[in-house]
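For reference, the chains in residue letters:
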Amino acid sequence: MKSWTWIILLLLVVMGASSQFINEEPIYNDEYHSLRHTGLFETRYTISQSLNSVARTSPEHAPLYFLILNGWVSLVGLHPVTAAMLTLLFMMLAMSMVYRLGTTLVNAEVGVYATFFLSASAFVVFYAQEIRMYVPLIFVVAGLLYHYWTIINTKRVVRWWQWVGLYGFSVVSIYMHYFTIFVLLSIGLYHLLFASKTRIWLQIAVAEVLAGVTFLPWLPTVFAGLGEAQSENISRSIVQSFPELLFNVIFSQSNGLVPAVVVLSDQDRMRDVALN
């Protein structure tokens with residue numbers, strides 16, 4: 001069976017399964033915050049009103065997802081189910097982009113496996129039905145990595161749409177979630193240390209600098225959000241140490257399989273020590 005056939009089957013399975021359960025549970029607090037920026041408790045917001053709402057009441061969040069959500073509910077109506085369908089749509093896009101990225105980096109088989117593991121992740125499946133920005137972020141980051149890799153490794157003339165894609169995904173990523181700065185810094189580090197210093201190398205650097213400049217108008221809001229977060233009184237009982245945080249991230253992203261393997265391997269080693 002061809003690789004694209006597997007991807008279509010995966011898309012259909014995820015779409016069908018998620019559609020069945022998308023209305024199973026009531027929306028929770030964070031989803032209310034997402035809908036609040038579209039005017040859930042007032043008259044419908046315009047795009048500028050949504051932007052002001054995020055800057056005024058939620059500066060710790062990047063604004064783009066809420067603006068996209070505003071446009072989406074303007075088209076399909078303001079309801080929790082229709083709002084969650086936007087995330088499901090991004091899930092389909094994320095799966096397709098991850099397949100494209102895996103195929104470009106290695107081959108089509110790796111692309112299929114990467115898409116399968118993405119669609120089988122309990123963490124991703126859960127958020128594919130939530131009115132939050134995390135699944136759209138997967139699509140954006142995969143698109144950013146795909147465009148960077150294809151441009152830096154091209155043997156032909158880079159097309160204009162490839163430059164637009166690199167710049168666009170870079171800007172969208174940081175306006176979607178502040179933590180993508182770590183992705184951009186990682187790309188920058190690889191670009192500085194390992195990429196061949198050609199004319200394309202310099203053009204990519206310029207494109208990324210322009211993407212950073214595009215984010216400057218929102219930077220005062222970012223600093224306001226950081227100040228607000230530092231002023232909050234967070235209980236030490238909910239703050240995790242780095243080992244705890246690392247374990248929980250790996251646990252959630254691997255459906256609990258990676259930590260289980262580590263624990264089982266340690267038990268086998270301890271048993272061998274005891275027997276000897």
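Residues numbered from 1 in each chain as written. Predicted model: local features only at pLDDT ≥ 70, side-chain atom pairs only at ≥ 80, totals over all residues. Heavy atoms only, no water.

## Here's the deal with the overall build of the chain
Here comes step 1: Secondary structure summary: the chain contains 14 helices and zero strands in total.
Here comes step 2: Ordering the α and β elements of the chain from the N terminus gives α-α-α-α-α-α-α-α-α-α-α-α-α-α.
Here comes step 3: For the chain, restricting intrachain contacts to residue pairs at least 6 apart in sequence, the fraction spanning at least 24 positions comes to 70%.
Here comes step 4: Surface exposure of the chain reaches about 16500 Å², of which carbon and sulfur atoms provide 68%. (Helix = DSSP H or I, 4+ residues; strand = E, 2+ residues; numbered from the N terminus. Contact = heavy atoms within 4.5 Å. Areas by Shrake-Rupley, 256 points an atom, 1.4 Å probe, with all protein chains shown as cover.)

## Looking at the packing of helix H8 (residues 134-152) against helix H11 (residues 199-215)
Geometry of a packed helix pair, given as the angle between the helix axes and the separation of the axes.
Here comes step 1: For the pair H8 and H11, interaxial distance at closest approach is 10 Å and the crossing angle is 155 degrees. Here H8 is positioned roughly antiparallel relative to H11, judged by the angle of their axes. Contacts between H8 and H11 involve Tyr148, Ile151 and Ile152 on the former and, on the latter, Ile200, Trp201 and Ile204.
Here comes step 2: Residues belonging to the contact of H8 with H11 are distributed by class as follows: six nonpolar, no polar and no charged. (Axes fitted to C-alpha atoms, helices over the stretch in contact; angles between N-to-C directions. Parallel < 35°, antiparallel > 145°, perpendicular 65-115°, else oblique. Nonpolar A, V, L, I, M, F, W, Y, C, P; charged D, E, K, R; others polar.)

## Notes on the packing of helix H9 (residues 160-176) against helix H10 (residues 180-193)
Here comes step 1: Where H9 meets H10, the axes come as close as 8 Å, and the angle between the chain directions of the two elements is 145 degrees. Here Ser170, Ser173 and Ile174 of H9 come into contact with H10, specifically with Thr180, Ile181 and Leu184.
Here comes step 2: Here the contact of H9 with H10 is built from residues that sort into three nonpolar, three polar and no charged.

## What about the packing of aromatic side chains?
Here comes step 1: Tallied over the entire structure, the rule returns 13 aromatic pairs.
Here comes step 2: With a centroid separation of 6.0 Å and 50 degrees between ring planes, the pair formed by Phe90 and Phe139 is classed as tilted. Of this pair, Phe90 sits in helix H5 (residues 80-105) while Phe139 is found in helix H8, placing the two residues 49 residues apart along the sequence. For the pair Phe90 and Phe139, one class covers both residues: buried.
Here comes step 3: What links up through ring pairs into an aromatic cluster is the set Phe123, Phe126, Tyr127 and Tyr134. (Phe/Tyr/Trp six-rings, centres within 6.5 Å; stacked < 30°, edge-to-face > 60°. Buried < 20%, exposed > 50% of the residue type's maximum accessible area, 1.4 Å probe, protein only.)

## So, H11
For an α-helix, 3.6 residues make a turn, and residues three or four places apart therefore share a direction.
Here comes step 1: With 17 residues, H11 extends 25 Å between its outermost C-alpha atoms, agreeing within 8% with the 24 Å of an ideal straight helix rising 1.5 Å per residue.
Here comes step 2: Regarding H11, the residues found buried are Ile200, Trp201, Ile204, Ala207, Ala211 and Phe215. Axial view of H11: buried residues confined to an arc of 125 degrees, hence all on one face. Across H11 from its buried face, at more than 90 degrees, point the exposed residues Arg199 and Val209. (Expected span 1.5 Å × (residues − 1). Arc of directions from axis to C-beta.)

## Some details on the environment of Asp30
Here comes step 1: As for its position among the elements, Asp30 is in helix H2 (residues 29-36).
Here comes step 2: Once the C-alpha coordinates of Asp30 and Glu130 are considered, the two residues, 100 residues apart in sequence, prove to be 9.2 Å apart.

## A word on helix H3 (residues 47-57)
Here comes step 1: Along H3, the positions that sit buried rather than exposed are Ser50, Ser53 and Val54. Looking straight down H3, one finds that the buried residues subtend no more than 95 degrees of arc, so they occupy a single side.
Here comes step 2: The inward-facing, buried residues of H3 abut H2 and helix H4 (64-76).

## Topic: the side chain of Ser50
Here comes step 1: With respect to the helices and strands, Ser50 occurs in helix H3.
Here comes step 2: Engagement of the side chain of Ser50 in a polar contact is seen with the backbone oxygen of His37, the distance being 2.6 Å. (Polar contact = N/O pair within 3.5 Å; in protein donor to acceptor, adjacent residues only side chain to side chain.)

## Concerning the environment of Phe179
Here comes step 1: Along the chain, Phe179 falls in the loop between H9 and H10.
Here comes step 2: On the accessibility criterion, Phe179 (59% relative accessible area) is exposed.

## Some details on a nonpolar patch on the surface
Here comes step 1: Taken together, Met1, Trp4, Trp6, Ile8, Leu9 and Leu12 make up a surface patch of nonpolar side chains, about 680 Å² in accessible area.
Here comes step 2: For Trp6, the location among the structural elements is in helix H1 (residues 3-21).
Here comes step 3: With a relative accessible area of 42%, Trp6 lands in the partly exposed category. (Patch = residues over 30% accessible without salt bridge, like charges linked within 9 Å, V, L, I, M, F, W, Y side chains within 5 Å. Salt bridge = Lys/Arg side-chain N within 4 Å of Asp/Glu carboxyl O.)

Purely spatial values, then, with no claim about function.
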